[in-house]
Amino acid sequence: MSRFWSPLVHTLSPYVPGEQPKRDGLIKLNTNENPYPPSPRALAAIASATERLRLYPDPHATALREAIAARTGVAPDEVFVGNGSDEVLAHTFQALLKHDAPLLFPDITYSFYPVYCRLYGVHHEVVPLDDAMQIQPADYRRPGSAILLCNPNAPTGVALPRAAIAALIAEHPDRLVIVDEAYVDFGAESAASLVKRHDNLLVIQTLSKSRALAGLRVGFAIGQRPLIDALERVKDSFNSYPLDGLAQAGAAAAIADDAWFTETRGRIIASREKLTESLTALGFDVLPSQANFVFARHPGHRGADLAAGLRERGVLVRHFQKPRIADFLRITVGTEDECSQLIALLRELL
Ligand SMILES: *Cc1c(COP(=O)(O)O)cnc(C)c1O
């Protein structure tokens, strides 16, 4: 605390990301990073972009937006890119969600959402997940100005089908519906194809998870032109060059490398299914996941104890000391080998 702080700063409660350990040799299953390297074509594109570091990057990230547009079936001017999807989300809160009626989102979801509400003064109300930890779209029939869903949801991994999102946006034509699809590539259905027909839908994705580029910081939004225009107005009042030249080059090449993407995500999906089976065999309840992590609890052990026991044995998983989910572990799907080591250690601990 300091007398120099703006009043708002005293009221903030910042997001705490998962641990990035300083020592080597730990198995990191705590921040949903991809266990495989990024596309070699992305790495080559980054290397050759170093020749242009003297210059400012393209402030509009034209080539990257074209690559994303070609893949998602929208026009390049229906794509907004940012420094990680966290930045895209932040601009969304600032540009589109400051209204009198509350923003609605689930009680159990990405814990950055309430942090942005505080930072930008966005009124919000949480809508509880049902007892099976699922989002029930009918529960959003209550006063509100906008709805924010993470699909598949984090940290549960549970997905809604595209038809449920389509029904929600059709039922609430005067509310903006934002779908955070950080994990959609691991088996859920993207709502991006609905953007053409609905002016109240904004879909947000990231290259951090399925494209293995968490360190590059690239995320994007897909929406009709007036929504993208609002995001650009905020971005251009904040930072003209949020994406550096290396990030733009690497991200565009990663998006274009379909073969690498298909191969690595296929391996992760196969490992997830195997991990789910092994955890179930050990007595865990595992929520049905369409993400690159599973959310699981053991009826005979506290989540905090299991997380601490694993940490002592060199494996990091995520544990949230929060109502309803304190006994769950969120376990990132690692390589086959990492998953087997995790299962062997849990067998010792249980
Ligand atoms: C990882 C994640 C993001 C943010 O990803 P960036 O690395 O900032 O692109 C956004 N939403 C959810 C739900 C996430 O899990």
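### Considerations on the packing of aromatic side chains
- Applying the stated rule across the entire model yields 10 aromatic pairs.
- When the ring of Tyr 110 is compared with that of Tyr 113, the centres are 5.4 Å apart and the planes differ by 90°; the resulting orientation is edge-to-face.
- Residue Tyr 113 is classed as buried on the basis of its relative accessible area, which comes to 0%.
- When the ring of Phe 112 is compared with that of Tyr 116, the centres are 4.4 Å apart and the planes differ by 10°; the resulting orientation is stacked. Here Phe 112 pairs with Tyr 116, and both are found in helix H5 (residues 112–120), just 4 residues apart, close to one helical turn.
- In textbook terms, an aromatic cluster arises when at least three aromatic residues are bridged by ring pairs, as seen for Tyr 15, Phe 93, Phe 105, Tyr 110, Phe 112, Tyr 113 and Tyr 116.
- If you follow Arg 211 out to its NZ or CZ, it ends over the ring of Phe 261, 3.8 Å from the centre.
- Sitting over the face of the ring of Phe 293, Arg 330 holds its NZ or CZ atom 5.7 Å from the ring centroid.

### Some points on a nonpolar patch on the surface
- A grouping of Met 1, Trp 5 and Val 9 is seen on the molecular surface, where their side chains present a nonpolar patch of about 350 Å² in accessible area.
- On the basis of relative accessibility, which here comes to 34%, the residue Val 9 falls in the partly exposed class.

### So, the sheet that holds strand E5 (residues 146–150)
- Strand order in the open sheet formed by 7 strands is E2-E8-E7-E6-E5-E3-E4, and the pairing between neighbours is mixed. Every interior strand has two partners, whereas the edge strands, strand E2 (79–82) and strand E4 (124–127), have only one. Strand-to-strand, the axes of this sheet are offset by a mean angle of 20°, without reference to chain direction.
- Where E2 lies against strand E8 (residues 219–223), 4 bridges are found, and the strand directions are antiparallel. Its bridge partner lying in E8, Val 81 is registered against Phe 220.
- Contacts from helix H4 (residues 85–96) reach E2, strand E3 (103–106), E5, strand E6 (176–180), strand E7 (201–206) and E8 within the one sheet, and its direction differs from that of E7 by about 155°.

### Description of the environment of Ala 163
- Mapping Ala 163 onto the fold places it in helix H6 (residues 162–171).
- On the accessibility criterion, Ala 163 (57% relative accessible area) is exposed.
- As for Ala 163 and Tyr 56, which are separated by 107 residues in sequence, their C-alpha atoms are 43 Å apart.

Parameters and conventions
- Every residue gets a number counted from 1 within its own chain, in the order that chain's sequence is written.
- Since the coordinates come from a predicted model, pLDDT governs what is reported: local features require at least 70, and pairs of side-chain atoms require 80 or more to be given and counted, while whole-chain, interface and lining totals use all residues.
- Side-chain metrics in this entry use all non-hydrogen atoms of the structure; hydrogen atoms and water are not considered.
- Ring pairs shown here join Phe, Tyr and Trp side chains whose ring centres sit within 6.5 Å, with only the six-membered ring taken for Trp; geometry is labelled stacked below 30 degrees between planes, edge-to-face above 60, and tilted in between.
- Relative accessibility under 20% of the residue-type maximum defines a buried residue, over 50% an exposed one, and the middle range a partly exposed one, all with a 1.4 Å probe and only protein chains included.
- Segments assigned H or I by DSSP are reported as helices when at least four residues long, segments assigned E as strands when at least two residues long, and all are numbered from the N terminus.
- Definition used: whenever NZ (Lys) or CZ (Arg) falls within 6 Å of the ring centre and also within 35 degrees of the ring normal, the charge is taken to sit over that ring.
- The residues that make up patches have over 30% relative accessible area and no salt bridge, and they are joined within 9 Å when like-charged or within 5 Å when they are Val, Leu, Ile, Met, Phe, Trp or Tyr.
- In short, Shrake-Rupley with a 1.4 Å probe defines the accessible areas, and a residue's cover is counted only from the protein chains shown.
- We define a salt bridge as a contact between a side-chain nitrogen of Lys or Arg and a carboxyl oxygen of Asp or Glu at a distance within 4 Å.
- A pair of strands counts as paired when DSSP detects no fewer than two bridges linking them.
- Axis lines are fitted to C-alpha atoms, over the contacting stretch for helices. Their N-to-C directions set the angle, which ranges from 0 to 180 degrees.
- Every residue pair with non-hydrogen atoms within 4.5 Å of one another is taken to be in contact.

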